[in-house]
Structures are given as structure tokens and as C-alpha cells.
Amino acid sequence: MVAANGDEIDGTFETSGTFDPVNGVSVQGGYTFVSGTGRFANVTGSGTIAAHGSAAPPFDFVGSLDGVISY
């Protein structure tokens, strides 16, 4: 992720999902912040990812990241 001033947060994520032609796509998993630049140089944190989307065009998707960040 990149802040407006160019400072960055780097991390990893691992998700799994399900596809249903009627009910759409559901994704869940976790993420971990591993490094950063500028004010995020000492970033740590982790949390969960959840998202749900349409299986048909225009493939609208809504998701969230819930967790903790320290920097």
C-alpha cells in the first residue's frame, strides 16, 4: 500500500475462496505487514481479509481488512 506522500507498507496475504454461479465469489484469509518505508519503516501488524463479489459482469466486489497495525 502507498500513502499519499509515497511512504509504503509491504506485506503478504494468503486467501482461499469459493465460487458459486448464483451466490457469487467469497474470499477469506489473512495478511501480515512485513516492511515499510518512511513513517512506516518499522511497521508490524496482521489481520484478516474478507470479501464477496458477483459471479457475473460487472463483477462488483466488496471487501475488508480487519486487524492491527503499529508503526
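Above this text you will find the structure in question.
Given the structure is predicted, the values throughout are model-derived calculations rather than measurements.

What follows concerns the environment of Thr48. Summarising the element assignment, Thr48 is placed in strand β3 (residues 44-53). Since its relative accessible area comes to 46%, Thr48 is described here as partly exposed. Counting along the chain gives 46 residues from Thr48 to Val2, while the straight-line C-alpha distance between them is 19 Å.

Where strand β1 (residues 9-20) meets strand β2 (residues 24-36), 12 bridges bridge the pair, whose relative direction is antiparallel. Each residue of the ladder has a partner; that of Gly11, found in β2, is Phe33. Where β1 folds back onto β2 in an antiparallel hairpin, the turn is made up of 3 residues.

If you trace the 4 strands from one edge of the open sheet to the other, you get β1-β2-β3-β4, paired in antiparallel fashion. One side of each edge strand has no neighbouring strand; the edge strands of this open sheet are β1 and β4 (61-70). Direction aside, neighbouring strands of the sheet carry axes that sit 15 degrees apart on average. Two strands pair when backbone bridges link them, and β3 and β4 are joined in this way by 10 bridges, in the antiparallel orientation. Its bridge partner lying in β4, Ser46 is registered against Val68.

Each value, and the rule that gives it
Residues numbered from 1 in each chain as written. Predicted model: local features only at pLDDT ≥ 70, side-chain atom pairs only at ≥ 80, totals over all residues. Heavy atoms only, no water. Helix = DSSP H or I, 4+ residues; strand = E, 2+ residues; numbered from the N terminus. Buried < 20%, exposed > 50% of the residue type's maximum accessible area, 1.4 Å probe, protein only. Pairing = 2+ DSSP bridges. Axes fitted to C-alpha atoms, helices over the stretch in contact; angles between N-to-C directions.

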